[in-house]
Amino acid sequence: MERRKARQGLTSYQLKWIAVITMVIDHIGAVLFPGELIWRIIGRLSFPIFCFLLTEGFCHTHNRKAYMQRLGVFALVSEIPYDLTFHGRLLELERQNIFFTLLLGVILLHLLESGGQWLLQAAKVLFMMWIAEVFKVDYGYEGMLLVCIFYLLREHLWLKAAGGVLWNFLWENRLQAFGGFAVLPILLYNGERGRKMTYFFYIFYPAHLLALHVIDIYVLSA
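Residues numbered from 1 in each chain as written. Predicted model: local features only at pLDDT ≥ 70, side-chain atom pairs only at ≥ 80, totals over all residues. Heavy atoms only, no water.

Asks: Whenever I open this one, helix α6 (residues 118–134) confuses me. Can you help?
Replies: An α-helix turns once per 3.6 residues; consequently, residues spaced three or four apart project the same way. Look at α6: 24 Å from first C-alpha to last across 17 residues, which is about the 24 Å you get at 1.5 Å a residue. Where α6 is buried, its residues touch α5 (98–113) and α7 (140–152). Positive backbone phi, at 55°, marks K136, one or two positions downstream of α6. (Helix = DSSP H or I, 4+ residues; strand = E, 2+ residues; numbered from the N terminus. Expected span 1.5 Å × (residues − 1). Contact = heavy atoms within 4.5 Å.)

Have a look at this one:
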């Protein structure tokens, strides 16, 4: 049997690595080198790619309930490492980690997929944006908006790219504008999954936060 030729472009596996690497660079800058903006500039690419992959994962997964359960479990697991690293406390409710944001994003997509008139759909989006602000998840209501953009425009490549770029200019923090460059690898997505890394990111996220906390407190501050 002839082996199927791989399509050109980036798989979701490769995109996830780009998102993970830029996320780590961002967190290194935030925790260890807060005065050096180049780390944070590179890190702006991470969240848009994660949101794009979230919508792709939602559309292609065979078990959405398990998908949401994984996000929920690791949101709880990651909260203490997140709070220790960014707030210096064991538990801090000022801001919740990115897994909570992604979980709310999947719930939003589930609500949108149930259909309804445009007014009802808009109400669902506004409700989830409100929930994101109430629970103070990372990226807040803006995060829900980006998930919505990637989902609703998923069949329109250039509109999706334009929306993904413009979203980065909604922030008071002008650094996020550099996140517009995230559409470049997104536009190279070839629609294929590539290698599986189902649990890698779920485990890596809290683990790398703990590592940064240890380096910051027990190595650099020693």
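Asks: Looking at this structure, I do not really get the environment of A132. What am I missing?
Replies: Here A132 shows up in helix α6. Once the C-alpha coordinates of A132 and G179 are considered, the two residues, 47 residues apart in sequence, prove to be 21 Å apart. Sequence-distant contacts of A132, defined by excluding residues within four places in its chain, comprise L104, V137, G140, Y141 and M144.

Asks: Sorry, what's going on with the pattern of salt bridges here?
Replies: Under the defined criterion, the tally for this structure stands at four salt bridges. A salt bridge links R40 to D26; the nearest nitrogen and oxygen atoms lie 2.6 Å apart. Here D26 lies in helix α1 (residues 12–31) and R40 lies in helix α2 (residues 37–43), a separation of 14 residues in the sequence. Residue class for R40 comes out partly exposed when judged on its relative accessible area of 26%. Among the residues examined, D26 registers a relative accessible area of 7% and is labelled buried. Between E92 and R89 there is a salt bridge, and its shortest N-O distance comes to 2.8 Å. Residue class for E92 comes out buried when judged on its relative accessible area of 14%. When salt bridges with common partners are traced through the structure, they connect D26, R40 and R44 into a single cluster. (Salt bridge = Lys/Arg side-chain N within 4 Å of Asp/Glu carboxyl O. Buried < 20%, exposed > 50% of the residue type's maximum accessible area, 1.4 Å probe, protein only.)

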